[in-house]
Structure formats: C-alpha cells, structure tokens
Amino acid sequence: MLEPLAHIGRDPGTGGYLRDAWSPADLELREWFAGEAARRGLALREDRNGNLWAWWGDPSPARPGVVTGSHLDSVRQGGAYDGPLGVVSAFAALDVLRERGVEPSAPVGVACFTDEEGARFGVPCVGSRLLTGVLAPERALGLTDDEGDTLADVLRKAGRDPDALGRDDETLRAVGVFVELHVEQGRGLVAEGRPVGVAGAIWPHGRWRFDFRGRADHAGTTRLVDRDDPMLPFARLVLAAREEAERLGVVATVGKVRVSPGNANAIPGLVSAWLDARGPEERAVRELVAALTGAAAVQEESWTPEVRFDAALRDRLARVAGAQDRGEPAPILPTGAGHDAGILAAAGVPSAMLFVRNPTGVSHSPQEHAERADCEAGVVALADVLEDLCR
Ligand SMILES: [Zn+2]
C-alpha cells in the first residue's frame, strides 16, 4: 500500500517529500484514503476540521470506536514513513482482523489527521488541536503560509468551509480509544533489538518565532559602524540555543529562517527565525527560551506540555504487541516528537502509540526508513492490539 503513495509530492531532485496540508499532493493523498475506505466498504467521514475517518461499524456516544491511524502530510523534504506508515498499517491491520474472522464488539475506525506537521502554517497538529479545542479556530484561520495565504483562504480554495472549524465533541465522543502506529524517530528499538515498541511519554515541546528587526541598507556603501544588521543577533541566537541546550539537558533547533528582503547584496531589515525546543522537563525548556529572549520580539507559536500516555493502556499494548515477538512485553520508549495521539491523550481520550524500528533512527528526511519485515511486524502487533481492545 505504500507503493502507490511513493510518487505523491516527491521532489525528484532530492527524493524528499513535499506534502503540505491542503497542497495538491495532500489532496491526492486524501483521495487515496477515500479510495482505500471505499474498497473496504468503510463509511468515510470528513469532520469539521478536515480530519478523515473511515468506519467499520457505526460509532455512537454509547458505543464509541477503537480508532487507529496517523497523518499523511509531511515536513518539507520529509521521508516516506512518518505518518503514512501509520495510516497504511491501520488499513492493513483492519484487513488482518477481517482475515481472522474477528467480529469486533466495537466499531473500528481509521483516522487521518490534517496538518500534523505544521509545515505550511507553522503550527503542528492543527487538525487534532482544532478537534479537541486546544487551538482556537480564529487563531488557526489567521495563520499564513509562505505565499501570504491564510488557512481560511486555503480551505476555501480546497472547497471547505472555514466557518465550520472548531472543537467537535460529536466526532471526539466517537473515539473510545486511539492507537497511533508510527515509525520510530530514534534508535531505541535498534538498541533493544526489537521490531516494535510502545510510547511511554512525549516530551514537552514548543515552537517560538524570533523577529530581529534592523535597517535594510546597501551592502557596499553602508559603513560597518552605521549598520543595524539583524543577522548578527540572529547568529548569536543560534549559537546560544546550542549552548543553553547543552547546559540544560534539552534539545533546541533553529531549522527555519526567513530573511527580508533576502538579497545577497543588501543588509537585511528583518530576520525571522523559528526555535524548536524540547526536553524531558518543562522547567528546563522554559528556562532555555527565557535565556534566549533578548534582542528579539518572541512569539510562542505552539506549546505542548508533557504527555504521559494512559499507563494501563500502555502496559496492555506492550504485553499484546510483544507477544508475537519474544513473548516478552514490547519495550516502552520516551519520545521527543509530538503526535496527534498526544493531543488526544491530553484531551482525555485514552491513547497509546506503537513504534516500528527505524534502522538509522533518521526521520524528517528522505533517509527515513523501516524494513519491510518490521513494517509487517508492526501491522500484526497493531492488529493484535485492536483485536484485544475490541473484545
Ligand atoms: Zn508523524
């Protein structure tokens, strides 16, 4: 099933994926999802926030579903597995349940969350945050992409209704439990020698935008002493972020920068930089950002507190998912990456995650990989988990 997706949004130059939310590639992936749902006779629903749900059985508040899935969008120049592996495995696990003749006592749902990566508008997990009400629709609709289009514009162009956005209790109540399978974004499972693991907690993490203002001027005629060059405090930010991260035992990354006007022969007038910071403890992450706030106007674009997945559910998953492997519970791993499962967990939906081994640990890059045998082990583990949860 990953095969027909391989060409969608692929940059032929780098082999990386460009699957921004609501881009032509994303719309094609959504079509693919609808096709997979139809092929299996599942009822397709798109909720008010653009998340897709394919149902085997009809969920109701009295009989909520066992839901699995992930996302289909990618970071810019991302890999083939982050997101799609979870959606593909969800459909494959449902097929396994049917082959086994399982008649689930609860409806089974496959979910595809919209704009998980935040590549286009800067805020991750937009679909699940809107669904659970932690992102206000007014704020979401005003987010702009690099072209200056707002999310409201983009939704209208895609034939969706921006006014429909917002907390959606009806959809949320249909989810009794959510399990997201994801390629591991690290080498924890390589170290353990196991194909499948279970998430313990998601580190607290956030994104901040730093705007350094200066004065645009000629690169040749402006004397050094007369310059107000915002690139210099920006450079200090990048170096200080690394030093503070080492001191505080967290990770910090400046991975996106916008220079205006962006001419090779001009001193910039404005440098905007995005800082991503995460760590095992909120206090240390907050301390890092506070230490870096100086020469710039800083805006917190997103913040996600630590997410601890439901312990009983986590242990149940570990037991069931590990049974096929060595008969020992699957290892429990912490993660520095945010996920829709974390947003749902924080909103009170019992949620859990399965990780599939990533031989290099590399993610958010075309080098991201998982071996076919491990992907299959992931599908079997997910099917076992769903079957167990459906009892
Ligand atoms: Zn992901």
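Model, not experiment: these values are computed from the prediction. (Residues numbered from 1 in each chain as written. Predicted model: local features only at pLDDT ≥ 70, side-chain atom pairs only at ≥ 80, totals over all residues. Heavy atoms only, no water.)

## A short note on the overall build of the protein
1) Next: Scanning the protein from N- to C-terminus turns up twelve helices and 15 strands.
2) Next: For 391 residues, the compact-globule estimate of 2.2 N^0.38 gives 21 Å, and the protein sits close to it at 22 Å.
3) Next: Seen along its three principal axes, the alpha-carbon backbone of the protein occupies a region of about 80 × 45 × 40 Å.
4) Next: Considering the protein as a whole, with its 391 residues, one finds that 55% of them fall into the buried category.
5) Next: Sequence-distant contacts in the protein: of pairs separated by 6 or more residues, those separated by 24 or more amount to 75%.
6) Next: Surface exposure of the protein reaches about 16600 Å², of which carbon and sulfur atoms provide 50%.
7) Next: Counting 43 positive and 59 negative side-chain charges, the protein places the centres of these two groups 2 Å from one another. (Helix = DSSP H or I, 4+ residues; strand = E, 2+ residues; numbered from the N terminus. Rg over C-alpha atoms; globule rule 2.2 N^0.38 Å. Buried < 20%, exposed > 50% of the residue type's maximum accessible area, 1.4 Å probe, protein only. Contact = heavy atoms within 4.5 Å. Areas by Shrake-Rupley, 256 points an atom, 1.4 Å probe, with all protein chains shown as cover. Lys, Arg positive; Asp, Glu negative; His and termini not counted. Charge placed at Lys NZ, Arg CZ, Asp CG, Glu CD.)

## Observations regarding the UniProt feature "binding site: Zn(2+) 1" (unreviewed entry) in the protein
1) Next: According to UniProt, the feature "binding site: Zn(2+) 1" (unreviewed entry) maps to His71, Asp82 and His182 in the numbering used here. Across 112 residues, the annotated set stays spatially compact, with a maximum C-alpha separation of 9.6 Å. Restricting the annotated residues to those that line the largest pocket leaves His71, Asp82 and His182.
2) Next: In this fold, histidine 71 is placed in strand S3 (residues 65–71).
3) Next: We classify histidine 71 as buried; its relative accessible area is 0%.
4) Next: Within the structure, the side chain of histidine 71 is placed 3.1 Å from the side chain of aspartate 82, a separation counted as a polar contact.
5) Next: Positionally, histidine 182 belongs in strand S5 (residues 175–183).
6) Next: Ignoring anything within four residues of it in the chain, the contact list for histidine 182 reads Ser70, His71, Asp82, Gly83, His339, Met353, Leu354, Phe355 and Val356. (UniProt positions renumbered as here; feature names shortened; annotations may be inferred. 1 Å grid on protein atoms, 1.4 Å probe; cavity = no way out; pocket = protein on both sides within 12 Å on 5 of 7 lines; lining within 4 Å. Polar contact = N/O pair within 3.5 Å; in protein donor to acceptor, adjacent residues only side chain to side chain.)

## Focus on the coordination of the zinc ion
1) Next: Those donors, His71 (NE2), Asp82 (OD) and His182 (NE2), are the protein atoms that reach the zinc ion, and they lie 2.0 to 2.2 Å from it.
2) Next: Mapped onto the sequence, the donors of the zinc ion take the spacing H-x10-D-x99-H. Highlighted residues: histidine 71 in strand S3 and histidine 182 in strand S5, separated in sequence by 111 residues.
3) Next: The exposure class of histidine 182 is buried, given its relative accessible area of 1%. (Donors = N, O, S within 2.8 Å, 3.2 Å for Na, K, Ca; no water.)

## Things to note about the packing of aromatic side chains
The geometry of an aromatic ring pair is captured by two quantities: the separation of the ring centres and the angle between the planes.
1) Next: Scanning the model with the defined rule gives eight aromatic pairs in all.
2) Next: Lying over the aromatic face of tyrosine 17, arginine 19 brings its terminal NZ or CZ to 4.0 Å of the ring centre.
3) Next: Looking at lysine 256, its charged tip hangs above the ring of tryptophan 274, at a distance of 4.6 Å from the centre. (Phe/Tyr/Trp six-rings, centres within 6.5 Å; stacked < 30°, edge-to-face > 60°. Lys NZ or Arg CZ within 6 Å of the ring centre and 35° of its normal.)

## As for empty space enclosed by the protein
1) Next: Scanning the model with the defined rule gives three cavities of 30 Å³ or more in all.
2) Next: Taken as a whole, the largest cavity holds about 40 Å³ of empty space.
3) Next: Lining the largest cavity, in full, are Trp22, Asn49, Thr114, Asp115, Val126, Leu130, Leu151, Leu155 and Leu165.
4) Next: When grouped by side-chain class, the residues that make up the lining of the largest cavity number six nonpolar, two polar and one charged. (Points joined across faces, edges and corners; volume = space filled by probe spheres on them. Nonpolar A, V, L, I, M, F, W, Y, C, P; charged D, E, K, R; others polar.)

## Focus: the sheet that holds strand S9 (residues 251–260)
1) Next: The four strands lie next to each other as S9-S11-S7-S12, forming an open sheet whose pairing is antiparallel. Sheet topology places S9 and strand S12 (297–304) at the edges, where each strand pairs with a single neighbour. With strand direction ignored, the average angle separating the axes of adjacent strands in the sheet is 15°.
2) Next: In this sheet, strand S11 (residues 270–278) lies alongside S9 in antiparallel orientation, the contact comprising nine bridges. Across the sheet, the residue bridging to valine 251 is arginine 278, located in S11.
3) Next: Strands in contact with helix H8 (residues 231–248) are strand S7 (205–213), S9 and S11; relative to S9, the strand with the most contacts, it is inclined by about 170°.
4) Next: In this fold helix H9 (residues 282–292) packs onto S7, S9, S11 and S12, with an angle of close to 160° to the strand it touches most, S11. (Pairing = 2+ DSSP bridges. Axes fitted to C-alpha atoms, helices over the stretch in contact; angles between N-to-C directions.)

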